[in-house]
Amino acid sequence: MKHFLLLMCLVFWASIHCSAQQNTAYKSLDTKNPIVFGGDYIIYQDDTFTLGPKAFFIDGQLTDAEVAAYPYVYNSVRKAAEKLTDGAEESPMVLYLAPYVYWIDDPDDPALRVSTDKGPPYGLVIKCEWLRFYGLTDKPENVVLASNRGQTIGAEGNFTMFKFIGQGTSAENVTFGNYCNVDLVYPLKPQLNRKKRATAIVQAQLIHCNGDKIVARNTHFISRLNLNPFVGGKRVLFDRCHFESTDDALCGTAVYLNCTLDFYSSKPFYHTTGTGAVFLNSDIRLFTRGEQYFTKVEGQLAVVDTRFTAETSLDIGWMDIPPKEMRNYQHNVSLNGKDVVISKNSPASTVQMAGKEVLDAYRFVHRDNVVYNTYNLLSGNDGWDPMGIREIVLAAEKEREKNYSMLPVQLLVSPTRLSVETGKNRAGLSAKVLRFGNFELEAETVSWHVAPEDSALVKLEVSKTGSNCQVIPTNTGDRSRQVIITAATPSGLEAASVIEVVPPVLDAPQFSSLPEIKLQKNGKLQLEYKLATAYADQSLVRFSCS
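Cut-offs applied
Residues numbered from 1 in each chain as written. Predicted model: local features only at pLDDT ≥ 70, side-chain atom pairs only at ≥ 80, totals over all residues. Heavy atoms only, no water. Helix = DSSP H or I, 4+ residues; strand = E, 2+ residues; numbered from the N terminus. Buried < 20%, exposed > 50% of the residue type's maximum accessible area, 1.4 Å probe, protein only. Polar contact = N/O pair within 3.5 Å; in protein donor to acceptor, adjacent residues only side chain to side chain. Pairing = 2+ DSSP bridges. Axes fitted to C-alpha atoms, helices over the stretch in contact; angles between N-to-C directions. Salt bridge = Lys/Arg side-chain N within 4 Å of Asp/Glu carboxyl O. Patch = residues over 30% accessible without salt bridge, like charges linked within 9 Å, V, L, I, M, F, W, Y side chains within 5 Å. Areas by Shrake-Rupley, 256 points an atom, 1.4 Å probe, with all protein chains shown as cover. Phe/Tyr/Trp six-rings, centres within 6.5 Å; stacked < 30°, edge-to-face > 60°. Lys NZ or Arg CZ within 6 Å of the ring centre and 35° of its normal. Contact = heavy atoms within 4.5 Å. Disulfide = S-S within 2.5 Å.

### Structural notes on the side chain of N33
Checked against the element boundaries, N33 lands in the loop between α1 (2-21) and β1 (35-37). Its relative accessible area of 7% is what places N33 among the buried residues. Here Q45 takes part through its side chain, which lies 3.5 Å from a polar atom of the side chain of N33. A distance of 3.2 Å separates a polar atom in the side chain of N33 from a polar atom in the side chain of D138.

Take a look at the structure:
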């Protein structure tokens, strides 16, 4: 009997203890996506997450007294950031974020934000390996990480909300927003709404980073000028993300998969870098007046299965004046439901990938399904596979006996511009083939050619592998001519170099009539002479007095 009573007491104590641990009064702002908060664990969508040194729960509704009762619970992202532990690829440092508006920088502080080094002023600098922001909602707009400062408006310099130092930073189901020039509207709790700081559009940035393997899923990036979503990352994937921006805004090293983008100005990239940026199966709404471009200066892009919509018909170009050596790639691109060629007035700058093997680097069809080849684009040399399609790619390779991985996306020729003189020197060009992420690929065959109408101006001597080409000038005319040397791979990659081919510079001709200065009736002096040459006189005559 004593043992039975003792057992009953223990059961009763355990039930009281468990009910005390679970905060039954807690309720998420997003009632359609309930969260169970148990003090040292949370339950969301039937998944239980145990809190600990690498798993924090954050909810801005919680009071300071409530969060003080639990070691891994916070009501502020800034406070949580002070206690982070480095994660790993298999076990990241996770911030589980309940719906709320989390101000990364105090919007009510009147002090200007200034840089502490040579870079821009940052709202929060976080040094952490494999840090993950995970919103406990299916609507990114319900979990908002916010700031509202920009150049000259609350800051000196291009204010940037975050700087992440570390590999593998990721985000899912959240919004990163700089509301300097955009109203913050938060329907779950209208008391958290906030008007934009100013109507003038200034540089109001979001995120700089320096790592590799950066991923954002179902995430919104909201600002206008200089949006900067994870700018600085080496390999960056945006999966089902939404962007709102004007100029100089987007990450120039990213793959944009199944994304939506609103462009409020004509040049969303300042430039892309390396192997550039890729759009796959994305929708882009244009609110631009006049022509729409991608970049302000050069940089490679590939646009695949992407749909543009605009209120009026307009031209879409890579940049306002594409240089003659520019080569970008497109497949199945439309504007308001009609096929469109990007930079149609500079046709050499656009490589149409239909029917070419280079298209396999971006997408292919397997068992009647389109596969967007993110494995090829992002696997690098370490097999990174953030979309989990490796087995599909390998199965397609086996069935078709062809490669869908390790495929290149860029051919570079160096130098891209130079001048040579007939009979005096020659130009040495080299070619390099790269996979996405700037991984060089050896043993690719490269061919070189010049347009038939320019074949009399140069002679090409190509190495056995095609990696090098000597351009020998043969211009015997009386003026310089510009020649474009094009390199290509069997898969359809292209690159070009623009060469100014100068004819032989002749010795100065002899005089057939010696120079003589004569005084004209009008009082002017005139130099008279004749040259012993069949060419037009190009002499520059200067008079001086002493």
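Having seen it, we continue.
### A closer look at the sheet that holds strand β3 (residues 47-50)
The strand order β1-β2-β3 describes an open sheet built from three strands, whose pairing is antiparallel. Edge positions in the sheet fall to β1 and β3, since each of these pairs with one other strand and no more. Across this sheet, the average inter-strand angle for adjacent strands is 20 degrees, counted without regard to direction. Pairing of strand β2 (residues 41-44) with β3, which is carried by four bridges, proceeds in the antiparallel orientation. Following the sheet pairing, Y44 is matched in β3 by D47.

### What to know about the sheet that holds strand β8 (residues 122-127)
Judged by pairing direction, the sheet is parallel, and its three strands sit side by side in the order β8-β13-β16 without closing on themselves. Unpaired on one side and paired on the other, β8 and β16 (205-209) mark the two borders of the sheet. The average undirected angle you get between the axes of adjacent strands in this sheet is 15 degrees. Two strands pair when backbone bridges link them, and β8 and strand β13 (residues 160-165) are joined in this way by five bridges, in the parallel orientation. By the bridge assignment for β13, V125 is matched with K163.

### Side note on the pattern of salt bridges
One pass over the structure, following the stated rule, counts 27 salt bridges. Here R363 and D305 are joined by a salt bridge, their closest N and O atoms 3.1 Å apart. In this pair, R363 is assigned in strand β31 (residues 363-366) and D305 in strand β26 (residues 301-310), connecting sequence segments 58 residues apart. Taking the relative accessible area as the measure of exposure, D305 reaches 4% and is therefore buried. A salt bridge links D360 to K402; the nearest nitrogen and oxygen atoms lie 2.9 Å apart. With D360 in the loop between β30 (350-352) and β31 and K402 in the loop between α5 (390-400) and β33 (410-414), this pair connects stretches of sequence that are 42 residues apart.

### Digging into a nonpolar patch on the surface
A cluster of nonpolar residues, I517, L519, L525, V541 and F543, forms a patch on the protein surface that exposes about 530 Å² of accessible area. The class for V541 is partly exposed, based on a relative accessible area of 40%.

### Quick look at the pairing of strand β42 (residues 511-519)
Direction of pairing for β42 relative to strand β43 (residues 525-531): antiparallel, over a ladder of six bridges. Bridging across to β43, E516 finds its partner in E528. From the end of β42 to the start of β43, which pair antiparallel, there are five residues, and G523 there has a positive phi angle of about 90 degrees.

### Let's talk about the packing of aromatic side chains
For the structure on display, the rule yields 32 aromatic pairs. Considering the side-chain rings of F279 and F294, the 5.9 Å spacing of their centres and the 45 degrees angle between planes classify their relative orientation as tilted. In this pair, F279 is assigned in strand β23 (residues 277-280) and F294 in the loop between β25 (292-293) and β26, connecting sequence segments 15 residues apart. You'll find F279 and F294 in the same group, each marked buried. Over the aromatic face of W103 sits the side chain of R194, whose NZ or CZ is 5.7 Å from the ring centroid. Of note, R224 hangs over the ring of Y264, and the distance from its end group to the ring centre comes to 4.2 Å.

### Re the environment of S419
You can see S419 is positioned in strand β34 (residues 417-421). Residues S419 and R481 lie 62 residues apart in sequence; the distance between their C-alpha atoms is 9.9 Å. Discounting chain neighbours no more than four positions away, the residues touching S419 are N425, E500 and V502. A polar contact is formed between the side chain of S419 and the backbone oxygen of E500, at a distance of 3.4 Å.

### Observations regarding unusual backbone geometry
Here the amide bond leading from S414 into P415 is cis, since omega sits at -10 degrees, within 30 degrees of zero. As for its placement among the helices and strands, P415 is situated in the loop between β33 and β34. Although it is not a glycine, R367 adopts a positive phi angle of roughly 55 degrees. Turning to its location among the elements, R367 is positioned in the loop between β31 and β32 (369-372). Positive phi, close to 60 degrees, is recorded for M406, a residue that is not glycine.

### Some words on the side chain of E172
Among the structural elements, E172 can be located in strand β14 (residues 170-172). When sequence neighbours within four positions are dropped, the list of residues in contact with E172 reads R132, F133, Y134, G135, R217, N218 and T219.

### Notes on the state of the cysteines
Counted under the stated rule, the structure contains zero disulfides. C209 carries a free sulfur, and the closest cysteine sulfur to it, the one in C251, is 6.8 Å from it. Judged by relative accessible area, which is 8%, C209 ranks as buried.

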